[in-house]
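A structural walkthrough
In case you want the letters, here they are:
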Amino acid sequence: MAASTQRTVDLLTGAFDLSQRRKFVVNNADGEPILDLYFKPITRADRKRAQSVANSEEALDISTQMLCQKAELEDGVKAFASADAAKLQRELPETVLNDLELFLFGVGEEAELEEAKND
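The following refers to the structure shown. The structure displayed is predicted, hence computed values, not measured ones.

Each helix and strand in the protein was counted, giving 6 helices and 2 strands. Along the protein, helices (α) and strands (β) appear in the sequence α-β-β-α-α-α-α-α when read from the amino end. Across the 119 residues in the protein, those meeting the buried criterion constitute 24%. Sequence separation of 24 or more characterises 47% of the internal contacts of the protein that already satisfy a separation of 6 or more.

Written out as structure tokens, the structure is:
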């Protein structure tokens, strides 16, 4: 077997496409779609930046800051400014914000995939 000249870090980081986006459809209280948001994968650097901007160790503050940092519109424009985090926390129903943030972090997707396979 020929020795690889590629560094391990380059092999590892090259195996993942950070430009791939996942779509989340936001529905209003009547269940009607009102907005599509798109999310690229989260990196450790993203998490550290969100924690720094949130200026808090509080997980809810960090996750909302991460949402503001990562959410994009279809054309790739950022959906929120960092300053929008407080308004989102204050003026959105908790369930809506939770659903957005859980999707952002990929929580529950494995279970949904398994349920879809079993249908």
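Attention now goes to the packing of aromatic side chains. The full count for this structure, using the stated rule, is 2 aromatic pairs. Their ring planes at 50 degrees and their centres at 5.1 Å tell us that Phe 24 and Phe 103 sit as a pair that is tilted. Of the two residues, Phe 24 is situated in strand 1 (residues 22–27) and Phe 103 in helix 5 (residues 94–104); the sequence distance between them amounts to 79 residues. A single burial state applies to Phe 24 and to Phe 103, both of which are buried. One Lys or Arg, Arg 22, reaches over the ring of Phe 103 and ends 4.2 Å from the middle of that ring.

Parameters at a glance
Residues numbered from 1 in each chain as written. Predicted model: local features only at pLDDT ≥ 70, side-chain atom pairs only at ≥ 80, totals over all residues. Heavy atoms only, no water. Helix = DSSP H or I, 4+ residues; strand = E, 2+ residues; numbered from the N terminus. Buried < 20%, exposed > 50% of the residue type's maximum accessible area, 1.4 Å probe, protein only. Contact = heavy atoms within 4.5 Å. Phe/Tyr/Trp six-rings, centres within 6.5 Å; stacked < 30°, edge-to-face > 60°. Lys NZ or Arg CZ within 6 Å of the ring centre and 35° of its normal.

Geometry only, nothing functional implied.
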